[in-house]
Amino acid sequence: SIGSTAFAAENSQPPNIVGTAAVAIDAETGEIIYAKNLDSKVYPASTTKLITALILTESKKPGDLLTYTASAKAQPSASINLDKKPLNVGQQMTVENAMKGLLVFSANDIAYMIADNLIGKLDANVSDTNKAFSVLMNKKSDSLGLKNTHSVTPNGLHDPDHYTTAYDMSVIAKTAFANKTILNTVKQKEATISTGGFNIPIENRNKMILEKETDLYDKTCIGGKTGYTTQAGKCLVSIFNRDGRKIIGVVMNSAYDSQDTQVFKDMESLINYSYSIKSTKLYSSNGTYKSENL
């Protein structure tokens with residue numbers, strides 16, 4: 001048998017979360033600590049890039065080279081090509097640099113560059129890339145046992161058939177953050193992408209790890225992934241470590257307020273509440289729960 005744990009609040013009020021769906025899980029066991037509409041259909045936006053990152057780390061080594069493609073160049077902002085420095089089709093960068101572009105800056109073009117290289121079609125158009133790479137994405141979701149996730153685009157730009165749930169996203173996050181390469185990337189506050197003889201500085205979009213965001217900064221946040229589209233709202237997936245205990249929080253479809261703070265406030269409320277919950281052991285592994293003679 002396996003052990004089981006229950007969580008009970010001690011004089012704590014449930015968090016007031018604006019996001020329409022949220023969940024907090026123990027990063028080690030996967031046990032649910034808090035849930036709000038955890039199985040409701042939501043759009044993942046750029047939190048999708050955690051799946052793309054997983055497929056990349058399982059397929060390539062950090063020093064392998066990737067080639068920039070036409071479908072990548074066709075992607076809108078936010079992208080390295082449009083917002084930082086124009087990139088040329090055929091230009092190369094290492095997987096390590098691509099991972100920083102994907103997860104630190106959340107570059108839409110880098111997601112397509114990765115997809116094209118992994119499907120082995122450097123001349124694919126956007127539609128063909130979606131069709132081929134979504135097979136890999138959905139296969140990955142199936143391997144994680146996800147029942148309510150379906151992927152279409154490698155970067156999470158909106159498609160009505162590209163969806164997930166807060167719970168499924170927590171499973172994706174648990175797997176992604178257990179990957180050292182991914183965790184070491186999402187925790188970077190700033191990074192530099194080297195390609196084509198240039199060094200391109202980028203900054204993380206997760207305000208909870210940026211000390212200059214004094215009201216939002218949380219030193220116990222050790223990484224995360226943001227996301228936004230009009231249809232998805234503000235999304236945030238983050239992992240925290242307080243006194244050696246790790247909790248993953250997921251907030252989906254929160255408000256995009258004028259200062260872009262609400263989703264981070266939602267996460268703060270979710271995580272503070274989750275850490276206030278004390279665990280109670282229900283039964284131990286390799287023990288007998290109940291025995292009857294019939």
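Above this text is the structure in question.
This structure is a prediction, so every number in the text was calculated from the model and none was measured. Along each chain, residues carry numbers from 1 onward, in the same order as the chain's sequence is written. With pLDDT at 70 or above as the cut-off, local features in this predicted model cover only qualifying residues; side-chain atom pairs require 80 or more to be listed or tallied, and sums for whole chains, interfaces and linings still use all residues. As a rule here, side-chain values come from all non-hydrogen atoms in the structure, and water together with hydrogens is ignored.

1. Quick look at the overall build of the protein
So, step 1. Helix and strand assignments come from DSSP, with helices taken as H or I runs of at least 4 residues and strands as E runs of at least 2, each series counted from the N terminus. Broken down by element type, the protein carries 9 helices and 11 strands.
So, step 2. Atoms considered for the radius of gyration are the C-alpha atoms alone. The globule rule reads 2.2 Å times the number of residues to the power 0.38. Here the C-alpha radius of gyration of the protein, 20 Å, is about what a compact globule of 294 residues would show, namely 19 Å.
So, step 3. Overall, the C-alpha framework of the protein stretches about 70 × 50 × 35 Å when taken along its three principal axes.
So, step 4. Looking at the protein residue by residue over its 294 residues, the buried ones come to 52%.
So, step 5. Put simply, of all contacts in the protein between residues at least 6 apart along the chain, 66% involve residues at least 24 apart.
So, step 6. All accessible areas in this document rest on Shrake-Rupley with a 1.4 Å probe, and a residue is counted as covered only by the protein chains that are shown. Carbon and sulfur atoms make up 46% of the accessible area of the protein, which totals about 13500 Å².
So, step 7. Side chains of the protein give 31 positive and 29 negative charges; the mean places of these two sets differ by 3 Å. Burial classification: accessible surface area is computed with a 1.4 Å probe over protein chains only, and a residue below 20% of its type maximum counts as buried, one above 50% as exposed, and the rest as partly exposed. Should any heavy atoms of two residues lie within 4.5 Å, those residues are counted as being in contact. A positive count includes Lys and Arg, and a negative count includes Asp and Glu. His and the chain ends are not counted in either. Taken as the charge location is NZ of Lys, CZ of Arg, CG of Asp or CD of Glu.

2. Here's the deal with the environment of Thr-69
So, step 1. Within the fold, Thr-69 resides in the loop between strand 4 (65–67) and helix 2 (70–73).
So, step 2. In sequence terms Thr-69 and Asn-88 are 19 residues apart; their C-alpha atoms lie 8.0 Å from each other.
So, step 3. Aside from chain neighbours lying at most four places away, what touches Thr-69 is Val-89, Tyr-112, Met-113, Asp-116, Asn-117 and Leu-122.

3. Remarks on helix 5 (residues 108–119)
So, step 1. For helix 5, built from 12 residues, the straight-helix expectation of 16 Å at 1.5 Å per residue is met to within 8% by its first-to-last C-alpha distance of 17 Å.
So, step 2. Counting buried residues along helix 5, 12 of its 12 residues qualify, which places the element largely inside the surrounding structure.
So, step 3. Immediately beyond the C-terminal end of helix 5, within one or two residues, lies Gly-120, with a positive phi of roughly 75°. For a helix, the expected span equals 1.5 Å multiplied by the residue count minus one.

4. Considerations on the environment of Leu-136
So, step 1. Tracing the backbone shows Leu-136 in helix 6 (residues 126–143).
So, step 2. The class for Leu-136 is partly exposed, based on a relative accessible area of 30%.
So, step 3. Expressed as a C-alpha distance, the spacing of Leu-136 and Ser-79, which sit 57 residues apart in the sequence, is 23 Å.
So, step 4. With near-sequence residues (within four places) excluded, Leu-136 lies in contact with Ile-55 and Ile-119.

5. A short note on the packing of aromatic side chains
So, step 1. Two aromatic rings, drawn from Phe, Tyr or Trp (for Trp, its six-membered ring), form a pair once their centres lie within 6.5 Å of each other, and the interplanar angle then sorts them: stacked below 30 degrees, edge-to-face above 60, tilted otherwise. One pass over the full model with this rule turns up 2 aromatic pairs.
So, step 2. Centroid distance Tyr-228 to Tyr-256: 4.5 Å. Interplanar angle 65°. Geometry classified as edge-to-face. Taken together, the positions of Tyr-228 in strand 8 (residues 221–229) and Tyr-256 in the loop between strand 10 (245–254) and helix 9 (262–276) put the pair 28 residues apart, joining distant regions of the chain.
So, step 3. The cationic tip of Lys-85 hangs over the ring face of Phe-198; the distance from NZ or CZ to the ring centre is 3.9 Å.
So, step 4. By definition here, charges over rings are those cases where NZ of Lys or CZ of Arg is within 6 Å of the ring centre and within 35 degrees of the ring normal. Here the basic side chain of Arg-205 rests over the ring of Phe-105, its NZ or CZ set 4.4 Å away from the ring centre.

6. Concerning the nonpolar core
So, step 1. Among the nonpolar cores identified, the biggest contains 59 residues, and Ile-80, Ile-110, Phe-177 and Ile-248 are the most heavily contacted of them.
So, step 2. With 8 residues, helix 5 is the single largest residue contributor to this core.
So, step 3. Not counting the four nearest positions on each side in its chain, Ile-110 is found in contact with Ile-80, Met-93, Ala-98, Gly-101 and Leu-102.
So, step 4. We call a set of buried Ala, Val, Leu, Ile, Met, Phe, Trp, Tyr and Cys residues a nonpolar core when their side-chain atoms join them within 4.5 Å. Among the nonpolar cores identified, the runner-up in size contains 22 residues, and Ala-22, Met-208, Val-263 and Tyr-275 belong to it.

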